[in-house]
Structure formats: structure tokens, C-alpha cells
Amino acid sequence: MKTIYSAIQPSGELTIGNFLGTLKGWKDFQDEYKCLFGVADMHAITVRQNPQLLRERTKKLLAIYLATGLDPDKSIIYVNSHVKQHAELGWVLHTYTNLGQLNRMHQFKSKIKDNEERANVGLYCYPVLMASDILLYDTDFVPVGDDQKQHVEITRDIAERFNSIYGDTFTIPEPLINKSGSRIKSLQDPTVKMSKSDPNPNAFILLLEEYNVMKKKISRAVTDSIGEINYSEDQPGIMNLLDIYKACNNEDMDTIFAKFEGQNYGYLKREVTEALETTIGPVREKTKDYLNNEDYLLEVAKKGSEKASEIAEKTLAKVYDKIGFLRSI
Ligand code: AQP
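Everything in this summary refers to the structure shown in the same document. None of these values were measured; they are calculated from a predicted model.

**Focus on the site of the ligand**
Working step 1: Close to the ligand lie 22 residues; Lys 111, Asp 147, Ser 195, Lys 196 and Ser 197 are nearest.
Working step 2: At 3.1 Å from an oxygen atom of the ligand is found a side-chain nitrogen or oxygen belonging to Asn 18.
Working step 3: In the environment of the ligand, an oxygen atom lies 2.8 Å from a nitrogen or oxygen atom belonging to the side chain of Lys 193.
Working step 4: Its free accessible area being 640 Å², the ligand has 97% of it covered by the protein chains.
Working step 5: It is helix H1 (residues 16-26) that contributes the most residues to the shell around the ligand, four residues altogether.
Working step 6: Here the shell around the ligand is built from residues that sort into four nonpolar, 13 polar and five charged.

Right under this line is the structure:
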């Protein structure tokens, strides 16, 4: 059985970008693959977090995972900081990562663009920790949104470098990018990706946002003055709404065009709102139920971390042996 690993940071409230871009499809992997799904709290602290809020969001993300259909009897669902091997392998991998490669990472550049004070070493080294997350579990595939592709590529480079020195140690992972929804854009500036840390709340729709708020945000989404519904780079706002619609309905573009041909933007926005509600409404309700059962969430995380630690320890022991650490205990 091939292995799937993915994770999301509890760095803010999840957007429909996180959901449609990757999370929505995770449940479908569970019968065919060995799956590990982490709550990437160690990544979240690369940007300053309020400690109480971080704890709450970690629990909320566990609840969302379960609400989307992840099953703790089929998948390993856990919190990354509960598995200490992430940090330990991370340190080793730093010594196999070239500065030049980290300097080219888009995410670091975009996160510090308007905020130089954010430029801490952890944020810079984020891709190395992510490589450790992935490589600990002999991962074959990493389902992620388009923005994370570069991070999977650096993971492959680190693994190949290590393997070329010490022989076969790490499985070389591949990114799995959804055909639709892999890059949902901001509703206010459809040339940039929708991001949970965007300071403008009208730019994103939260996964758990109530219907009326979502409806209002879509009605305010930036479009253009062309007045025709085309899937064209010249109409990034319309393209984004069509992408959201497609990711919700899984219809092909021909069917979608037939539906929207000759219609106005108001109609498109109403249809996108309804498609989204049908897709995320049930997740919103189930998340509330899981959040009412905190003991169960903690139990899922505990069991998940025990299973993950067992696998991670084997990989770490192999790595420590290969690099020459004295193993007396
Ligand atoms: N706009 C998006 N469209 C499609 N996929 C997206 N993802 C994020 N934004 C979009 C995917 O969601 C997964 C989890 O992301 P993450 O929390 O680990 O980090 P991120 O990519 O940095 O997400 P955000 O929302 O932009 O968070 P902040 O604002 O904290 O940096 C990943 O698979 C990602 O590709």
C-alpha cells in the first residue's frame, strides 16, 4: 500500500481555498492508501501566534478533519508537535539543505514582502521541517494545493541528496495536485491566492462561515466590466468564481459553460453561493458537533500520535545509524 501524507497549519481559520484545494479530497484516499494527516502546529509558530488561540485552532482543525470524513480507524490523524521525531529529523535535514534553494522559496518571500519583522529563521527553514514531516513516513504522495508544489520539490531534492550519500533511505515523494480548486484566488484581488492570513476579510471565505456572510462576500467579489462569462486570463475574477464552482460540483468545463452561457454575473454569483453551501454546509454543522466533544478529539490525537511516533521512530533510527550517531541506548 502506498503512503499519503498531508497537513494544514492551524495558523488561522481555514478558508475554502484550503478546503477545495486539498482537504476535500483527503477522505477519498483512505481506502486505497495508508494515510497520515497532521495538524501542522509546529509550522504555525513560524508566524507569531496567540497561545490560547493556537490551542483552540488545533482542536478545531482536528474537528474539521473528522467532519470532512477522515476516519481515525482508517487514517492516522495527529498533531505534529506530539511526535517529537519531526523536530529531530528536521534538524538533521537542515544540514542537507542548500541555502541557495531556500533563498528561492516563493512562500518565504511573499510572507515577508510587506512585513520584514516576520523574517525569523523558522519561517525561512519552514520547507526543511515540511521535508521532515513528509520523509518520516516513507510518503509516496503529498496532496497539496498548487502553492505547496515547490515545497514538495525541495523535499525530493533533500531526500535524493541524502540517498546519494548514504544509499536508499528515504522514499522520494510526489505532489498530488487537484485538477480543480488547486489555486483559489482572493475575492478582492483575483491575481493572488486566497489566504487565511489575508488582512482583508472580504478577500476570503472561511470554511465555517455562516451562509449569509458567505453570500455577502461572494456578491462583493471583484469581477470586471466585460459583462460576459468566459474562462479567460483577462477575466481573473470570473475565472476564480468558475474555479470555485467547478471544485464544488466536479463538473467538466463544457457542462459549466453550457449552464452559464449568456447569463449575467449576478446569476453566476448566486450559483456559486449555492454550490458552496451544498459543499461546505454539512462540514460546518458536523464540525460544531465534534467541537462539542473535546475528549473525543483529544483521544483521536493521542491515538494518532502513538501510531505516527512508531513509524517515525523507525525512520529516525535508520537515519541516525546512517549518519554515524552512536546508538548505545
Ligand atoms: N488559495 C488556495 N487554493 C488552493 N489550495 C490552497 N491551500 C492554501 N491556500 C490555497 C492549500 O491548503 C493546504 C494547507 O495550507 P497551509 O495552512 O499549510 O498553508 P498555506 O498554503 O500557507 O495556506 P494559507 O491559507 O495561505 O495560510 P497562511 O495564510 O497561514 O499562509 C496546502 O495544501 C495549501 O496548498
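**Observations concerning the packing of H1 against helix H13 (residues 265-291)**
Working step 1: Between H1 and H13, the least distance of the axes is 12 Å, while the angle of their chain directions is 85 degrees. By the angle class used here, H1 and H13 are roughly perpendicular. Contact residues: Ile 16, Phe 19, Leu 20 and Lys 24 in H1; Leu 276, Thr 279, Ile 280 and Val 283 in H13.

**Quick word on the pairing of strand E2 (residues 34-39)**
Working step 1: Counted residue by residue, E2 has five buried out of six residues, so it is predominantly covered.
Working step 2: Looking at chain direction, strand E1 (residues 3-8) and E2 are connected through six bridges and run parallel. Bridging across to E2, Thr 3 finds its partner in Lys 34.
Working step 3: The parallel pair E1 and E2, bridged by H1, forms a crossover whose chirality is right-handed.

**Points about helix H10 (residues 211-219)**
Working step 1: Buried within H10 are the following residues: Met 214, Lys 217 and Ile 218. Each buried residue of H10 lies within a common arc of 100 degrees when the element is viewed along its axis, so the set occupies one face.
Working step 2: Next to the buried residues of H10 lie helix H11 (236-249) and H13.

**Looking at the pattern of salt bridges**
Working step 1: By the definition in use, this model includes 18 salt bridges.
Working step 2: A salt bridge links Glu 13 to Lys 60, with the nearest nitrogen and oxygen atoms 2.8 Å apart. Of the two residues, Glu 13 sits in the loop between E1 and H1 while Lys 60 sits in helix H3 (residues 51-67), which places them 47 residues apart along the sequence.
Working step 3: Since its relative accessible area comes to 24%, Glu 13 is described here as partly exposed.
Working step 4: Among the salt bridges present, the one from Glu 210 reaches Lys 288, with a minimum N-O distance of 3.3 Å. On the criterion of sequence distance, the pair formed by Glu 210 in the loop between strand E5 (174-176) and H10 and Lys 288 in helix H13 is long-range, its members being 78 residues apart.
Working step 5: Since its relative accessible area comes to 37%, Lys 288 is described here as partly exposed.

**Considerations on the nonpolar core**
Nonpolar side chains in soluble globular proteins tend to be buried together.
Working step 1: If you look at the biggest cluster of nonpolar residues, it comprises 55 residues, and the most contacted ones within it are Leu 20, Tyr 65, Ile 244 and Leu 276.
Working step 2: Ignoring any residue separated from it by four or fewer positions in sequence, one finds Leu 20 in contact with Asn 178, Ser 180, Gly 181, Ile 184, Ile 244, Ala 247, Cys 248 and Leu 276.
Working step 3: Ranked by size, the runner-up nonpolar core spans 38 residues in total, among them Tyr 124, Ala 131, Val 142 and Ile 158.

**Examining the environment of Gly 12**
Working step 1: Along the chain, Gly 12 turns up in the loop between E1 and H1.
Working step 2: What makes Gly 12 buried here is its relative accessible area of 10%.
Working step 3: Residues Gly 12 and Thr 58, 46 residues apart in the sequence, show an inter-C-alpha distance of 9.6 Å.
Working step 4: Residues in contact with Gly 12, not counting those within four places in the same chain, are Arg 57 and Lys 196.

**Section: helix H4 (residues 85-94)**
Working step 1: Within H4 the residues assigned to the buried category are Gln 85, His 86, Leu 89, Gly 90, Val 92 and Leu 93. Taken end-on, H4 shows its buried residues confined to a sector of 165 degrees, consistent with a single buried face.
Working step 2: Where H4 is buried, its residues touch E1, helix H2 (41-44), strand E3 (75-79), helix H8 (126-135), helix H9 (149-166) and helix H14 (294-323).

**Section: the packing of aromatic side chains**
Working step 1: Scanning the entire structure with this criterion turns up 15 aromatic pairs.
Working step 2: A centroid spacing of 6.0 Å and a plane angle of 75 degrees characterise the contact between Tyr 96 and Tyr 166, whose relative ring orientation is edge-to-face. Within this pair, whereas Tyr 96 is found in the loop between H4 and helix H5 (99-103), its partner Tyr 166 is found in helix H9, the two being separated by 70 residues in sequence.
Working step 3: Judged by its relative accessible area of 12%, Tyr 96 falls in the buried class.
Working step 4: With a centroid separation of 4.5 Å and an interplanar angle of 40 degrees, the aromatic rings of Phe 162 and Tyr 166 are classed as tilted. Here Phe 162 and its partner Tyr 166 are both found in helix H9, four residues apart, which amounts to about one turn of the helix.

Parameters at a glance
- Residues numbered from 1 in each chain as written.
- Predicted model: local features only at pLDDT ≥ 70, side-chain atom pairs only at ≥ 80, totals over all residues.
- Heavy atoms only, no water.
- Near = heavy atom within 4 Å.
- Polar contact = N/O pair within 3.5 Å; in protein donor to acceptor, adjacent residues only side chain to side chain.
- Areas by Shrake-Rupley, 256 points an atom, 1.4 Å probe, with all protein chains shown as cover.
- Helix = DSSP H or I, 4+ residues; strand = E, 2+ residues; numbered from the N terminus.
- Nonpolar A, V, L, I, M, F, W, Y, C, P; charged D, E, K, R; others polar.
- Axes fitted to C-alpha atoms, helices over the stretch in contact; angles between N-to-C directions.
- Parallel < 35°, antiparallel > 145°, perpendicular 65-115°, else oblique.
- Contact = heavy atoms within 4.5 Å.
- Buried < 20%, exposed > 50% of the residue type's maximum accessible area, 1.4 Å probe, protein only.
- Pairing = 2+ DSSP bridges.
- Right-handed = clockwise from strand over helix to strand, strands pointing away.
- Arc of directions from axis to C-beta.
- Salt bridge = Lys/Arg side-chain N within 4 Å of Asp/Glu carboxyl O.
- Core = buried A, V, L, I, M, F, W, Y, C linked by side-chain atoms within 4.5 Å.
- Phe/Tyr/Trp six-rings, centres within 6.5 Å; stacked < 30°, edge-to-face > 60°.

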